[in-house]
Amino acid sequence: MNPFQLKPEKISEQFMDWQRIYPRSYDKMEVDPYTRVRVILMNGTEFESAGYSHQFQRHESNNDLRRELAMMRRQEQQQQKKIACLKPMDETVLEHTIGYEQLAVDLTASLAKRVTCANVKSALDFALLEDFDHLYRYADLMEMEHGQYAEKLVGDYTEIMPGRPTISEHRCPMDALCMPGKPDAALFDKMAVQIITAAEQQTMNYYMNVCNLYTSDLGRRLYQEIGMIEEQHVTQYGSLLDPNCTWLEGLLMHQYVEAYLYYSCMEDETDQNVRKVWEDFFQMEVAHLHKAADLLKQYEKKDWQQVIPGGEFPEPFHFEPNIDYVRAALNMVDFTAEKEIFKPVSMLPRDYDFFVYQKAVNANVDSVPSHQVIDRAIRKLGRDYRAETAPNPIPGLQNRTVDNTALGRIYQ
């Protein structure tokens, strides 16, 4: 599929009225978990597009160009509003959060399996284990406070068990950066970085906005803590983007990635109501892509081929279980970061900034929300909550009656 070879519709003829913009929501009891995940992914993709467009406008003085951005952005806003309302009213904040973390796990793992750049792959593998642990913490909160089981939401696709303990994820901000991307990077590697950055940024924003809406003090504090890790992830993934990309080159890449993701979603979607949304929005993104190519040619005298050689979509992105991949990646569970390098915490200098920062934010381990959730769940239920196909491959994470707060954090 080459979207540049398709004939686009006019953007001005694709705006939706209020009847079309408000969709029929999926049934939270019947929906396939990956439909929920695709809805969250594409909502985040539209968030990213809107944010990028607004920032572009604020750095551009030509009102003719800014008007073109406003046209595309208004349609992106309509798309986002429709996607957001695919989530049903009776799906709680915590249920939706389980979807966010399942997305983070399976999106990250699936991208890591496909990228070719070692720098990108190591960043994905590293953060994967943190989102994996977040899923476990929220699942325990759900059972302890609501008597619900997260495995009913994630299906058989994703395991629920400890990853890198959340308490160990808090690193000095100076260690949150990776080496920046290069202009000659492989196309899918560039796309993967943009996709994961958008997804993690949406998660960060979501937790920033809903932590005060949760219905228990412990839950609110857990959202606060994990929200801080999501900010680290956005910093980490965003640092992998090519900083030399021009605003119009970035616009073209954003529209290309959006079109690619809608195309991928409609290929796999099993809910026919949701699939129709992906099909319609794919057509809209083809129009946006062609407009971005025209603007690149008009204002920078560049052909789209200079940014996206050939234009042919990579193999569509598929959500799939990554149980074996995540289990293998757990061998990095005791890793942290020293500037741009991921390494076992035992390899850090004993006076390194990681330990200084840990002492500041986790001075009293018993007061750390992510630890309290597991500790209280164990005391209330007799063991933590898990949905495993086999015991955790890391011996230090197999005990279901003790939360490991040392792994990846202190010298063993």
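Basis of the calculations
Each chain has its residues counted from 1, running along the sequence as written. pLDDT decides what is reported in this predicted model: residues at 70 or higher carry local features, side-chain atom pairs at 80 or more are listed and counted, and totals for whole chains, interfaces and linings draw on all residues regardless. Derived side-chain values reflect all non-hydrogen atoms in the structure, with water molecules and hydrogen atoms excluded from consideration. Under the scheme used here, helices are H or I runs from DSSP no shorter than 4 residues and strands are E runs no shorter than 2 residues, and both carry numbers assigned from the N terminus. Exposure is judged per residue with a 1.4 Å probe applied to protein chains only, and the accessible area is read against the type maximum: over 50% gives exposed, under 20% gives buried, and values in between give partly exposed. Two residues form a contact once any of their heavy atoms are found within 4.5 Å. Note on areas: Shrake-Rupley with a 1.4 Å probe; residue coverage comes only from the protein chains shown. Charged residues are defined narrowly, with Lys and Arg counted positive, Asp and Glu counted negative, and His plus the chain ends left uncounted. Throughout, a charge is located at the NZ atom of Lys, the CZ atom of Arg, the CG atom of Asp or the CD atom of Glu. Whether two strands pair comes down to DSSP finding at least two bridges between them. Two rings belonging to Phe, Tyr or Trp (six-membered ring only in the last case) form a pair when the distance between their centres is within 6.5 Å. Interplanar angles under 30 degrees mark stacking, angles over 60 mark edge-to-face geometry, and anything in between is tilted. Distance and angle both matter: a charge sits over a ring if NZ of Lys or CZ of Arg is within 6 Å of the ring centre and within 35 degrees of the ring normal. For each structure, a 1 Å grid was placed over the protein atoms alone; sets of points admitting a 1.4 Å probe that cannot get out are labelled cavities, open sets with protein on both sides within 12 Å along at least five of seven lines are labelled pockets, and lining residues have an atom within 4 Å of a point. Grid points are joined across faces, edges and corners, and a volume is the space filled by probe spheres set on the points. Residue classes follow a fixed rule: Ala, Val, Leu, Ile, Met, Phe, Trp, Tyr, Cys and Pro count as nonpolar, while Asp, Glu, Lys and Arg count as charged, and any other residue, Gly among them, counts as polar.

A.B. asks: How should I be thinking about the overall build of the chain in this particular structure?
C.D. replies: Helices and strands together make up the secondary structure of the chain, namely 13 helices and two strands. With the principal axes as the frame, the chain shows a C-alpha extent of 60 × 45 × 35 Å. Within the chain, the proportion of its 412 residues that are buried is 58%. Across the chain, contacts joining residues at least 24 apart in sequence account for 84% of those joining residues at least 6 apart. On the chain, roughly 17400 Å² of surface is accessible, and the fraction owed to carbon and sulfur atoms is 52%. Of the charged side chains in the chain, 44 are positive and 63 negative; the average position of the first set lies 3 Å away from that of the second.

A.B. asks: Before we go on, may I ask you to explain the pairing of strand E2 (residues 341–344) in this structure?
C.D. replies: Consecutive side chains of a regular strand alternate in pointing toward one face of the sheet and then the other. Relative to E2, strand E1 (residues 335–338) runs antiparallel, the two being bridged by four bridges. Across the sheet, Thr 336 pairs through a bridge with Lys 343, a residue of E2. In textbook terms, the turn of a hairpin is the stretch between consecutive antiparallel strands, and for E1 and E2 this stretch comprises two residues, one of which, Lys 339, has a positive phi near 55 degrees.

A.B. asks: So what exactly am I meant to see when it comes to the packing of aromatic side chains here?
C.D. replies: Given two aromatic rings, their pairing is described by the distance between the two centres and the angle made by the two planes. By the definition in use, this model includes 24 aromatic pairs. Where Phe 4 meets Trp 304, the ring centres are 3.7 Å apart and the plane angle is 0 degrees; that geometry is what we call stacked. With Phe 4 in the segment before helix H1 (18–21) and Trp 304 in the loop between helix H10 (272–300) and helix H11 (323–329), this residue pair connects regions lying 300 residues apart in the sequence. By relative accessible area, Phe 4 is classed as buried at 10%. For the ring pair Tyr 52 and Phe 56, a centre distance of 6.4 Å and an interplane angle of 70 degrees mean the geometry is edge-to-face. Here Tyr 52 pairs with Phe 56, and both are found in helix H2 (residues 33–58), just four residues apart, close to one helical turn. Neither Tyr 52 nor Phe 56 differs from the other in exposure class; each is buried. Three or more aromatic residues joined by ring pairs make a cluster, and in this case those are Phe 4, Tyr 256, Tyr 260, Tyr 263, Phe 282, Trp 304 and Phe 313. Directly above the aromatic system of Phe 188 lies the positively charged group of Arg 114, at a separation of 4.0 Å from the ring centroid.

A.B. asks: So what exactly am I meant to see when it comes to the layout of surface pockets here?
C.D. replies: Unoccupied space between atoms shows up once a probe the size of one water molecule is rolled over them. Looking at the largest pocket, its volume works out to about 1000 Å³. Residue lining of the largest pocket: 40 residues in total, with Gln 194, Leu 241, Asp 242, Pro 243 and Cys 245 positioned closest to the centre. Residue assignment for the lining of the largest pocket shows that the elements contributing at least two residues are H2, helix H5 (118–146), helix H7 (187–210) and helix H9 (247–268). Among the residues making up the lining of the largest pocket, the classes are represented as 19 nonpolar, 15 polar and six charged. Of the volumes computed, that of the second largest pocket is approximately 350 Å³.

A.B. asks: Just to check I follow, could you spell out the environment of Met 144 for this structure?
C.D. replies: Position of Met 144 among the secondary structure elements: in helix H5. Met 144 gets classed as buried once you look at its relative accessible area, which sits at 8%. Once you skip the residues sitting within four places of it in the chain, Met 144 turns out to touch Leu 218, Val 373, Arg 376, Ala 377, Lys 380 and Leu 381.

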